Amino acid sequence: VNIMIIISKGFTLIELMVILSIIAIISSIAAPSFNQQFKQYKFDQESRDVLSLFREARAQAILLKKDVKLTFTQSISDIPTASNYFWHAKNAQITTPSSVEFDMLGRMKSRPSNGCISITDKNNQDLKKAITINVLGGIEVVQENAICL
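Residues numbered from 1 in each chain as written. Predicted model: local features only at pLDDT ≥ 70, side-chain atom pairs only at ≥ 80, totals over all residues. Heavy atoms only, no water.

1. Notes on the sheet that holds strand E4 (residues 99-102)
One open sheet accounts for three strands, arranged E2-E1-E4; its pairing is mixed. Strands at the two margins of the open sheet, each flanked by one partner only, are strand E2 (84-87) and E4. Each strand axis lies, on average, 15° off the axis of its neighbour in the sheet, ignoring direction. Relative to E2, strand E1 (residues 68-72) runs parallel, the two being bridged by four bridges. For Phe72, the partnering residue across the bridge sits in E2 and is Trp87. Contacts from helix H1 (residues 13-64) reach E1, E2 and E4 within the one sheet, and its direction differs from that of E2 by about 175°. (Pairing = 2+ DSSP bridges. Helix = DSSP H or I, 4+ residues; strand = E, 2+ residues; numbered from the N terminus. Axes fitted to C-alpha atoms, helices over the stretch in contact; angles between N-to-C directions. Contact = heavy atoms within 4.5 Å.)

2. Let's talk about a nonpolar patch on the surface
On the surface, Leu13, Ile14, Met17, Val18, Ile19, Leu20, Ile22, Ile23 and Ile26 cluster together into a nonpolar patch covering about 920 Å² of accessible area. Its place among the elements puts Ile14 in helix H1. (Patch = residues over 30% accessible without salt bridge, like charges linked within 9 Å, V, L, I, M, F, W, Y side chains within 5 Å. Areas by Shrake-Rupley, 256 points an atom, 1.4 Å probe, with all protein chains shown as cover. Salt bridge = Lys/Arg side-chain N within 4 Å of Asp/Glu carboxyl O.)

Laid out in structure tokens, this is it:
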């Protein structure tokens, strides 16, 4: 009796097509979530950038013993100097105030009346943060999904 044993190595074309179909379906379900995560990441990065500039401008005012102004601008042609900082973001914006100023002791000179500054995403108004700044120029609170009233 001659019995042939057939050993299959590899995958058939149908098996590969089924696997590719499953991967395509899972990818189409997950893609919107990845897109939202990426937008949130970019907004968070720009928010961290403006917070760093706040701290840097305040430290510079104390170091130079002179007033330092941080302007929230839409123009990329502004040239920063030792006493003038500019924040230009691609996706985030600060509408009010248009600038803040620190005195030589690091205190906030031109501070919003409620001490709150809102950062919003230009393309998605659901992405927003509120920053509370005390009179001494320190950042007290960064609240997610909040705006200043």
